[in-house]
Amino acid sequence: MSTALLIMIGLALFLGLVLGYAAIKFKVAESPLVQKIDAILPQTQCGQCGFPGCKPYATAIASGEADINQCPPGGEEGIHKLAELLGVDPKPLNAEHGVPKPKSVAVIDEELCIGCTLCIQACPVDAILGAAKHMHTVIAKECTGCELCIPPCPVDCIQMQVVQEDLTTWKSKYPLHEIRNV
Amino acid sequence: MRTLYQFHGGVHPAEHKQESSAHPIVMAPLPTQLIVPLQQHIGQRAKPLVQIGDRVLKGQMIGQADGATSCAVHAPTSGSVSAIEMMPMPHPSSLPDLCISITPDGADEWITRTALDYQNMNPGEVRNRLRDFGLAGLGGAVFPSHVKLNPGKLDKVPTLILNGAECEPWITCDDLLMRERAAEIIAGAKIMQYLLSADAVLIGIEDNKPQAIAAMRAACAATGFEVIAVPTRYPSGGAKQLTKILTGKEPPSGGRSTDIGVQIFNVATAYSVARAVLHGEPMISRIVTVTGNVEQPRNYEVLLGTPVKELVALTGKQRNDTQSYIMGGPMMGFALPTDNVPVIKASNCLIASSPSLFPAPPPALPCIRCTQCAQACPVNLQPQDLYWFSRGREFGKAQEYNLFDCIECGCCDYVCPSHIPLVQYYRFAKSEIWAREREKQQADLARERHEFRLARIEREKKERADKLAAKTQGSKAPAANADIDPKKAAIQAAIERAKLKRSGVTPKNVENLSVETLKEIDEIEARRTQLKQAMEKQSDSPK
Ligand code: SF4
Ligand code: SF4
Ligand code: SF4
């Protein structure tokens, strides 16, 4: 048990270092506009916009090849921010690309998982852990809710669960009160 | 005579103190059940140390501090752990959080208590012990005290302020504590002074509490501590406001009081520090004012974890027109959605609210920009602008206008002739900004992980290509073995697939999988059909 823990901790530390190194090493020089657009996109990396990730969509917007209303996870607010950045009029979300959904995370039924690793290969942010033929688990904190792991699973054991509000994510609601107009 | 300074604005609502302050503190009896939340302080939730069925003693640590900003929780009496589960919390949402339920055994049997010889201990060690005693600020903010008692890089904090102002209407728990237990409060202040190496200890009390002032002055004799009566004006008990009144200094916007050499604690926190250090008693109880629409308003010493329902029942029969209980005062508190929640370290006061005591505000009118709110704001903000931006969801603008300096004191609400629930708008705007901050952090993490993944895939591709190149150049690989296996596997896989098709289940994505994996899929599918059948049987069978 403790060795497993140590290995995991070691792995986490190592990957963290690699990640940090990669962030520096693989930094590609790109246009500041693409970066600004990418900063607005939600980074779900779901591909619903028709591009293989948020950065490619950002690049396409920057070069005028894609419209600003193709990202369902970003929703209306995302469109408004893009419109503001680019100095164009906001428009409603293009429903062809999907509709906004409440934030969800993938959950693997550990009873049914056969450890085939297909979901790991599909996950755009490496949020699924597990070795070949061993049960797999989603790290909820890192899951973006992109749903890309669902179709590849041969035994349909992955489900999306809506993230429930808890005390740390609870939001004070917009005040509802009567206003008398004069 | 010390010169006192004035903070900007403030209001003076009806005090309603005499209702509950006329009687001495009463010990609340043992409740039938104690629900002890693991998160009663700002910071990380404590980690449970016990299991269901364990017998615990009064004062035994049942939740351990987790990380630097966290503190422990303890069993308030002896008994057995009956549950460790998510229970509704005393919060505007009543959302659940992890709690340890204890069924008291009636013996009220203590752990062995030992006083700390704190003057001969390393200050860091004393602070760790305070953390393990569960010390958190009892004024309502419940910040872990050991963190605030660390002078950090500065070798000292010159001024220690004890806050006994208790400026909110209806609340009298600090007043009664100062009247009855002044000596212990001062003993606690001495320990705090020692830990901070403070030169001066100032104790600020609103001048509407003459008995408390007299008791504290008597207890301070020959200590050099100074008890200062401050004018009664809400919110003089705000940390920044009291600091301003007593020292004339104000921490910068977004800064801390230690930036100007001041640390400030509630008097009840000082009392608890004394109980912990001098008697070995962890924080397991607090004084709670129960007042408002009740038969006998009183101050009770209540075990933390006591259900609100059982506590308010002590004041007599519940009146029919009581609509809810407010935790905290009428200015900064909130209505509890249910009385099925426990008393926690932050519960200084429970007010039974009725339509006659707290009538619903009349419908709001549009803002007439009269700036009365700005005159009342003790932080010198422009509430009417903050309202405008919050209402219009212009959160960036609201932040520019220092939304986060707002202490939600409610002075602006109180004076607004248009009866606009201003603070509700500020709370809404603040939590939206926090939510966006969280989303941004998540997006940044996702971006970083995605980029790393792309780089990794790229690297692996290159490595594979390099290997292949090396192979074709080098020795001819003995292809025989490699040739037979895949063929065999493919045939086997086809057989398996056919088998599956026959039995009516068709897993997807099964091309290019190994035979073992296919077999496993087969097994899983068998298990699922069994499960499905069992479930169908269950739903078929009559109830
Ligand atoms: S649709 Fe998905 S992949 Fe495309 S920009 Fe939005 S979150 Fe990113
Ligand atoms: S007191 Fe009310 S009406 Fe007057 S300026 Fe402030 S918000 Fe507007
Ligand atoms: S609630 Fe905020 S804005 Fe209103 S008076 Fe108090 S500090 Fe000022």
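Residues numbered from 1 in each chain as written. Chains lettered and ligands numbered in written order. Predicted model: local features only at pLDDT ≥ 70, side-chain atom pairs only at ≥ 80, totals over all residues. Heavy atoms only, no water.

Colleague: I would appreciate a short explanation of the overall build of chain B in the present structure.
Modeller: When helices and strands are counted, chain B shows 15 helices and 17 strands. Partitioning the contacts of chain B with sequence separation of at least 6, the portion at a separation of at least 24 is 72%. About 26,000 Å² of surface is accessible on chain B, with carbon and sulfur atoms providing 52% of the total. (Helix = DSSP H or I, 4+ residues; strand = E, 2+ residues; numbered from the N terminus. Contact = heavy atoms within 4.5 Å. Areas by Shrake-Rupley, 256 points an atom, 1.4 Å probe, with all protein chains shown as cover.)

Colleague: Honestly, the environment of Val-105 of chain A in this entry has me stumped. Any pointers?
Modeller: Residue and element names in this part refer to chain A. Secondary-structure assignment places Val-105 in strand β1 (residues 104–108). According to the relative accessible area criterion, Val-105 is buried, its value standing at 12%. Expressed as a C-alpha distance, the spacing of Val-105 and Tyr-174, which sit 69 residues apart in the sequence, is 26 Å. Excluding residues that lie within four positions of it along the chain, Val-105 makes contacts with Ala-140, Cys-143, Gln-159, Met-160, Gln-161 and Val-163. (Buried < 20%, exposed > 50% of the residue type's maximum accessible area, 1.4 Å probe, protein only.)

Colleague: Please clarify how the pattern of salt bridges should be interpreted in this entry.
Modeller: Pairing between side chains of opposite charge can happen when their charged atoms approach one another. Overall, the coordinates contain 34 salt bridges over all chains when judged by the stated rule. A salt bridge links Glu-165 of chain A to Lys-173 of chain A, with the nearest nitrogen and oxygen atoms 3.7 Å apart. Overall, the relative accessible area of 36% leaves Glu-165 of chain A in the partly exposed class. Put simply, Arg-2 of chain B and Glu-226 of chain B hold a salt bridge, and the shortest N to O gap is 3.2 Å. Here Glu-226 of chain B lies in strand β11 (residues 226–230) and Arg-2 of chain B lies in the segment before α1 (18–21), a separation of 224 residues in the sequence. Glu-226 of chain B sits in the partly exposed class, given a relative accessible area of 28%. Several salt bridges share partner residues, and in doing so they unite Glu-77, Lys-81 and Lys-171 of chain A together with Glu-432 and Arg-436 of chain B into one network. (Salt bridge = Lys/Arg side-chain N within 4 Å of Asp/Glu carboxyl O.)

Colleague: Mind showing me how you'd approach the site of ligand 3 here?
Modeller: All names here are of chain B. Taken together, 13 residues sit near ligand 3, with Cys-377, Cys-406, Cys-409, Gly-410 and Cys-412 positioned nearest. Among the secondary structure elements, those contributing two or more residues to the shell around ligand 3 are α12 (411–415) and α13 (422–473). In terms of residue class, the shell around ligand 3 is built from 11 nonpolar, 1 polar and 1 charged. (Near = heavy atom within 4 Å. Nonpolar A, V, L, I, M, F, W, Y, C, P; charged D, E, K, R; others polar.)

Colleague: I tried to follow the sheet that holds strand β12 (residues 262–266) of chain B on my own but got confused; where do I start?
Modeller: Strands belonging to one sheet form pairs held by backbone hydrogen bonds; the direction of such a pair is parallel or antiparallel. All names here are of chain B. Overall, parallel pairing links the 4 strands, which are arranged β11-β10-β9-β12 in an open sheet. For this open sheet the edge positions go to β11 and β12, each flanked by a neighbour on one side alone. Strand-to-strand twist across the sheet, computed as the mean angle between neighbouring axes with direction ignored, equals 25°. Sheet topology places strand β10 (residues 200–206) next to β11; 5 bridges connect them, and they run parallel. Pairing of Ile-205 across the sheet is with Ala-229, part of β11. Against the sheet, helix α5 (residues 210–220) contacts β10 and β11, and its axis sits at roughly 165° relative to β11. (Pairing = 2+ DSSP bridges. Axes fitted to C-alpha atoms, helices over the stretch in contact; angles between N-to-C directions.)

Colleague: I tried to follow the nonpolar core on my own but got confused; where do I start?
Modeller: One recurring pattern in soluble globular proteins is that nonpolar side chains are buried together. In terms of nonpolar packing, the biggest core is built from 73 residues, with Leu-162, Ile-185, Ile-203 and Met-216 of chain B touching the most fellow members. At 12 residues, the largest contribution of residues to this core is made by helix α4 (residues 173–196) of chain B. Sequence-distant contacts of Met-216 of chain B, defined by excluding residues within four places in its chain, comprise Met-178, Ala-182, Ile-185, Ile-186, Ile-203, Ile-205, Val-227 and Val-267 of chain B. Core analysis: the next-biggest nonpolar cluster, separate from the first, contains 24 residues, Ile-108, Cys-119, Ile-128 and Val-155 of chain A among them. (Core = buried A, V, L, I, M, F, W, Y, C linked by side-chain atoms within 4.5 Å.)

Colleague: What is the right way to look at helix α10 (residues 383–391) of chain B in this model?
Modeller: Three or four residues apart is the spacing at which side chains of an α-helix point the same way, because the helix has 3.6 residues per turn. Residues and elements named next belong to chain B. Within α10, 7 of the 9 residues are buried, leaving the element largely enclosed by the surrounding structure. Lining the buried residues of α10 we find α9 (372–376), α11 (395–400), α12 and α13. Just downstream of α10 lies Arg-393, where phi reads positive at about 55°.

Colleague: I tried to follow unusual backbone geometry on my own but got confused; where do I start?
Modeller: Most of the time, phi is negative for any residue but glycine, and the peptide bond is trans. Following Tyr-234 of chain B, the chain continues into Pro-235 of chain B via a peptide bond in cis, with omega recorded as -5°. Structurally, Pro-235 of chain B can be placed in the loop between β11 and α6 (239–247). Even without glycine at this site, Thr-117 of chain A takes up a positive phi of about 70°. Summarising the element assignment, Thr-117 of chain A is placed in the loop between β1 and α5 (118–122). Backbone geometry places Ser-197 of chain B, a non-glycine residue, at a positive phi of 50°.

Colleague: Is there a simple way to think about the interface of chain B and chain A in this case?
Modeller: The extent of an interface is frequently quoted as the accessible surface area lost upon association of the parts. Across the boundary between the two partners, chain B contributes 49 residues, which contact 55 residues of chain A. Of the roughly 4,600 Å² buried between chain B and chain A, counting both surfaces, carbon and sulfur atoms make up 58%. On the chain B side of the contact with chain A, Arg-449, Phe-452 and Arg-453 of chain B bury the most area, a combined 14% of that side's loss. Linking chain B with chain A are 7 salt bridges, by the criterion used here. The partner of Asp-126 of chain A in a salt bridge is Arg-456 of chain B, and the shortest N-O contact between them spans 2.9 Å. Here the side of chain B that touches chain A gets 22 residues from one element, more than from any other, and that element is α13 of chain B. Taken together, the residues of the side of chain B that touches chain A break down into 22 nonpolar, 9 polar and 18 charged. (Buried area = accessible area lost by both parts, 1.4 Å probe.)

Colleague: In this structure, what is going on with the pairing of strand β14 (residues 298–303) of chain B? I would like to understand it.
Modeller: For a regular strand, side chains alternate in direction, first toward one face of the sheet and then toward the other. Residue and element names in this part refer to chain B. Most of β14 sits out of view: 6 of its 6 residues are buried. Burial of β14 is two-sided: the residues Arg-298, Tyr-300 and Val-302 facing one way and the residues Asn-299, Glu-301 and Leu-303 facing the other way are all buried. Of the pairings in the sheet, the one linking strand β1 (residues 26–27) to β14 comprises 2 bridges and is parallel in character. Paired with Met-27 across the strands is Glu-301, a residue of β14. Linking two consecutive strands that pair antiparallel, namely strand β13 (residues 285–292) and β14, is a turn of 5 residues.

Colleague: Would you explain the packing of aromatic side chains in this entry?
Modeller: Centre-to-centre distance and the angle between the planes together describe a pair of aromatic rings. Residue and element names in this part refer to chain B. As enumerated under the stated definition, the model contains 9 aromatic pairs over all chains in all. A ring pair is formed by Tyr-387 and Tyr-425, whose centres lie 5.0 Å apart and whose planes are at 80°; its orientation type is edge-to-face. In this pair, Tyr-387 is assigned in helix α10 and Tyr-425 in helix α13, connecting sequence segments 38 residues apart. The pair formed by Tyr-387 and Tyr-425 is uniform in burial state, with each residue classed as buried. (Phe/Tyr/Trp six-rings, centres within 6.5 Å; stacked < 30°, edge-to-face > 60°.)

Colleague: Mind showing me how you'd approach the site of ligand 2 here?
Modeller: As a matter of local geometry, ligand 2 sits amid Cys-367, Ile-368, Arg-369, Cys-370, Thr-371, Cys-373, Gln-384, Cys-416, Pro-417, Ser-418 and Leu-422 of chain B. Here the residues of the shell around ligand 2 are counted per class, giving 7 nonpolar, 3 polar and 1 charged.

Colleague: Could you clarify how one ought to interpret the environment of Pro-307 of chain B in this entry?
Modeller: Residues and elements named next belong to chain B. Here Pro-307 lies in the loop between β14 and α8 (308–313). The exposure class assigned to Pro-307 is buried, which follows from its relative accessible area of 7%. Put simply, Pro-307 and Asp-339 are 32 residues apart on the chain and 7.4 Å apart in space, counted from C-alpha to C-alpha. Look past the residues within four positions of Pro-307 in its chain and what remains in contact with it is Pro-31, Gln-33, Ile-35, Val-341 and Pro-342.

Colleague: What should I look at first to understand the packing of α4 of chain B against helix α7 (residues 267–279) of chain B in this one?
Modeller: Two packed helices can be described by the angle between their axes and the distance between those axes. Residues and elements named next belong to chain B. Relative orientation of the contacting elements α4 and α7 amounts to 60°, with a least axis distance of 7 Å. When the interaxial angle is binned, α4 and α7 end up oblique. For α4 against α7, the interelement crossing comes out left-handed. Taken together, the residues of α7 that come into contact with α4 (itself represented by Asp-174, Leu-177, Met-178, Arg-181, Glu-184, Ile-185, Ala-187, Gly-188, Ala-189, Ile-191 and Met-192) are Val-267, Ala-268, Thr-269, Ala-270, Tyr-271, Val-273, Ala-274, Arg-275, Val-277, Leu-278 and His-279. Classifying every residue of the contact of α4 with α7 by side-chain character gives 15 nonpolar, 3 polar and 4 charged. (Parallel < 35°, antiparallel > 145°, perpendicular 65-115°, else oblique. Left-handed = near helix turned anticlockwise from the far one by under 90°.)

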